[in-house]
Amino acid sequence: MEQVFIYDTTLRDGSQAEGINFSVEDKMRILQKLDEFGVHYIECGWPGANPKDTILFERLRKIKTQNAKIVAFGATRKAGKKAHEDKQVENLLKSGAKVITVFGKSWDFHVTHAIGTTLEENLDMVYETVSYLKKHVEEVIFDAEHFFDGYRHNESYAFKVLEAAFQAGADWIVLCDTNGGTLPNEVYEITKKVVQKFPQARVGIHAHNDSDTAVANSLMAVLAGARQVHGTINGLGERTGNANLCSIIPNLQLKLGFSVVPSQNLKKLTELAHFVSEISNTPLPKNMPYVGESAFTHKAGVHASAVMKRSETYEHIDPSLVGNRRKVTVSDLSGRSNILYKLREMGLEVDDKSPELIKLLEKIKELEKEGYHFEAAEASFELLCKRHFGLVKNYFDLDAYRVLIARRSTDLSPVSEATVRLYVEDIKEHTAALGNGPVSALDRALRKALEEFYPSLKDVQLIDYKVRIVNESEGTSAKVRVLIESTDGRRKWGTVGVSENIIEASWIALTDSLVYKLLKDEEEGIM
Ligand SMILES: CC(=O)SCCNC(=O)CCNC(=O)[C@H](O)C(C)(C)COP(=O)(O)OP(=O)(O)OC[C@H]1O[C@@H](n2cnc3c(N)ncnc32)[C@H](O)[C@@H]1OP(=O)(O)O
Ligand SMILES: CC(=O)C(=O)O
């Protein structure tokens, strides 16, 4: 299998995405993950351009990577200077990186209008910078900025720029679609011409996603002969982003038959995508191909039914190859198969013709019609199923709850107080608590009543609370759906309640949350 080299620029081009601000520590952590994953090059930043990147390269000098080559990125020398007199070029050498990438202009319009020099001088800038750097480091990569635009406007000049870099000893010539405006067919044709014109050169592709074709463009370039692919994890990058390596890597390896990373490492792709999403504080879209939460989720009944027979019916690959997992959700679009799948996940085997199963499906559809949304509340769904089959015991019986909200003219904010009366077996508990809102008061009063009997409830925290009106047209008498997310430090779970009264909807979601915790503790033998 032929090798394609992956050049990750999450730490450089990825950091050019609006809203991203990696600290030196963030960059070190991402770098370590990328290296473990097995990318071949990691472009870490532009030494000298800002203090953080300078410090980063100082730290990088002290570490040894397992797989990846550390790359410093910068520009060709300024017009009218010698390469060795240019501080920016010197900073690249001072960084200690053994691989240096320099970008140079290959679009004549950029030469005259962005850097304001002559076409000849730009060729010298490219040649001199590459040949100077080549004397000092192991590998020099030349990024031909705006190559595809340059080719369209002045083909012969764009080729002269590549020639200058190649003659100067560049190890790789990388064709950049800097403005992201080129389409896959053009990328293929142009890359093919470059490969034919420079049969001795090693060619790479660096695509941006402005036309939403960066992944396709990168694949087409590889099919045309490019063997180094630049991109970022999750497609982070300036404007609409760079080519997404999380799609490119599995496409090259699983579909086009190239060798990219060891197959056991490919199984860590989903983890890597989520890691970068957390560190960069950019939520990963659920529908992100290969690595998103919904990438292998089946909602429609027809899909779930077929997937349970043969997963290939609605899945383009086995999700485990990229470390993702199959998921089946339950909603009003479900059939028996969705429910059977979920019951199996809970360890319950039920005959697919069982009348109880049909009743459960009808109950779910009825509740969804009333405004329940079980996709977002797996714990309430599990309780519903297990209650249906009589598998959840009565941990407590509610006698009454009451919530008071009062605000006097002298109060800065309203005061909420809740009382709860309930029975645990035959023992009556009557508690009261204050809270900074009615739901928190209710939560505190409920726990006060239960913690004496079930001490593990002390570990439960509510981490998210969302309210949504379900039937907007009814105004204030509309139903509301409350979704609560809870954690006990070991796991997270979601519960849901629906009512015309927001306090009652909250109560349902709240009690489900605590009952779920008790059920799980019991199942695990902790109680
Ligand atoms: C396509 C890409 O994504 S390339 C990478 C872009 N990344 C970044 O710009 C992020 C890091 N950049 C920076 O921190 C700053 O822009 C610096 C430190 C590099 C330069 O800062 P300044 O000296 O203040 O210049 P400024 O940012 O205003 O302008 C960029 C300069 O680079 C020059 N330049 C642009 N491309 C090249 C090139 N290929 N070769 C040489 N010089 C270049 C421009 O002509 C301009 O210089 P000028 O003002 O003398 O015309
Ligand atoms: C070099 C680079 O980032 C680009 O041309 O897009």
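Residues numbered from 1 in each chain as written. Chains lettered and ligands numbered in written order. Predicted model: local features only at pLDDT ≥ 70, side-chain atom pairs only at ≥ 80, totals over all residues.

If you look the chain up in an unreviewed UniProt entry, it shows as Citramalate synthase from Hydrogenobacter thermophilus. Entered under Pathway (unreviewed entry) in the UniProt record, the comment concerning the chain runs "Amino-acid biosynthesis; L-isoleucine biosynthesis; 2-oxobutanoate from pyruvate: step 1/3." Check the Catalytic activity (unreviewed entry) section of the UniProt entry for the chain; it says "pyruvate + acetyl-CoA + H2O = (3R)-citramalate + CoA + H(+)". (UniProt positions renumbered as here; feature names shortened; annotations may be inferred.)

**Observations concerning the sheet that holds strand β15 (residues 480-487)**
Across the sheet, which stays open at both edges, the 3 strands sit in the order β14-β15-β16 with antiparallel pairing between neighbours. Of all strands in the sheet, those bounded by a partner on one side alone are β14 (461-469) and β16 (492-499). Along the sheet, successive strands turn relative to each other by an average axial angle of 15°, direction set aside. Across 8 bridges, the pairing between β14 and β15 is antiparallel. Across the sheet, V467 pairs through a bridge with V482, a residue of β15. (Pairing = 2+ DSSP bridges. Helix = DSSP H or I, 4+ residues; strand = E, 2+ residues; numbered from the N terminus. Axes fitted to C-alpha atoms, helices over the stretch in contact; angles between N-to-C directions.)

**Some points on the UniProt feature "domain: Pyruvate carboxyltransferase" (unreviewed entry) in the chain**
UniProt's entry tags residues 4-270 with the feature "domain: Pyruvate carboxyltransferase" (unreviewed entry), counted in the numbering of this structure. Between the C-alpha atoms that bound residues 4-270 the distance is 20 Å, and the span itself is 43% helix and 17% strand.

**Here's the deal with the packing of helix α16 (residues 378-388) against helix α18 (residues 502-523)**
Contact geometry for α16 and α18: axes closest at 10 Å, N-to-C directions at 70°. By the angle between their axes, α16 is roughly perpendicular relative to α18. Contacts from A379, S380 and L383 in α16 reach D512, S513, V515 and Y516 in α18. For the contact of α16 with α18, the class distribution of residues is 4 nonpolar, 2 polar and 1 charged. (Parallel < 35°, antiparallel > 145°, perpendicular 65-115°, else oblique. Contact = placed C-beta atoms within 7 Å. Nonpolar A, V, L, I, M, F, W, Y, C, P; charged D, E, K, R; others polar.)

**A short note on the site of ligand 2**
Inspection of the region around ligand 2 gives D13, F103, D143, E145, C176, T178, H206 and H208 as its neighbouring residues. Classifying every residue of the shell around ligand 2 gives 2 nonpolar, 3 polar and 3 charged. (Near = placed C-beta within 6 Å.)

**A look at the site of ligand 1**
Surrounding ligand 1, one finds 14 residues, the nearest of these being A49, A75, T76, G104 and I115. For the shell around ligand 1, the leading source of residues is strand β4 (residues 99-105), giving 3 residues. Considering only residue class, the shell around ligand 1 consists of 6 nonpolar, 5 polar and 3 charged.

**A closer look at the environment of H110**
On the secondary structure map, H110 appears in helix α4 (residues 108-113). Along the primary structure H110 and D149 are separated by 39 residues, whereas in three dimensions their C-alpha atoms are 10.0 Å apart. Those residues in contact with H110, other than ones at most four positions away along the chain, are K105, I115 and H146.

**Observations regarding the packing of helix α1 (residues 24-37) against helix α12 (residues 269-280)**
The packing of two helices is summarised by the inter-axis angle and the distance between the axes. Closest axis-to-axis distance for the α1/α12 pair is 11 Å, and the angle between their directions is 175°. Put simply, α1 runs roughly antiparallel to α12. Here D26, R29, I30, K33 and F37 of α1 come into contact with α12, specifically with L272, F275, V276 and I279. Partitioning the contact of α1 with α12 into residue classes produces 6 nonpolar, no polar and 3 charged.

**Some remarks on the sheet that holds strand β12 (residues 415-424)**
Read across the sheet, 3 strands follow the order β11-β12-β13 without closing on themselves; strand pairing throughout is antiparallel. Only two strands of the sheet have a single partner each, and these edge strands are β11 (397-406) and β13 (427-435). Each strand axis lies, on average, 10° off the axis of its neighbour in the sheet, ignoring direction. Both β12 and β13 contribute to a ladder of 9 bridges, which runs antiparallel.

**Quick notes on unusual backbone geometry**
One non-glycine residue, N234, lies in the positive phi region at around 65°. Note on placement: N234 falls in the loop between β8 (228-231) and α10 (245-255). Residue class for N234 comes out buried when judged on the 28 C-beta atoms lying within 10 Å of it. For N281, which is not a glycine, the phi torsion comes out positive at approximately 60°. (Buried ≥ 20, exposed ≤ 12 C-beta atoms within 10 Å, placed from the backbone.)

**With respect to the pairing of strand β1 (residues 5-8)**
By the bridge criterion, 4 bridges tie β1 to β8 in an arrangement that is parallel. Residue pairing in the sheet places F5 in a bridge with Q228 of β8. The sheet contact formed by β1 and strand β2 (residues 41-45) spans 2 bridges and is parallel. By the bridge assignment, Y7 is partnered in β2 with Y41. Handedness of the β1-α1-β2 crossover: right-handed. (Right-handed = clockwise from strand over helix to strand, strands pointing away.)

**Things to note about helix α8 (residues 184-197)**
Between its first and last C-alpha, α8 extends 20 Å over 14 residues, near the 20 Å set by a 1.5 Å rise per residue. Within α8 the residues assigned to the buried category are V187, I190, T191 and V194. Along the axis of α8, the buried positions cluster into a sector of 100°, meaning they face one direction only. Seen from the buried face of α8, the exposed residues on the opposite side, beyond 90 degrees, are N185, E189 and Q196. In the core, the buried residues of α8 are packed alongside α6 (147-153), α7 (155-167), β6 (172-177), β7 (203-207) and α9 (214-223). (Expected span 1.5 Å × (residues − 1). Arc of directions from axis to C-beta.)

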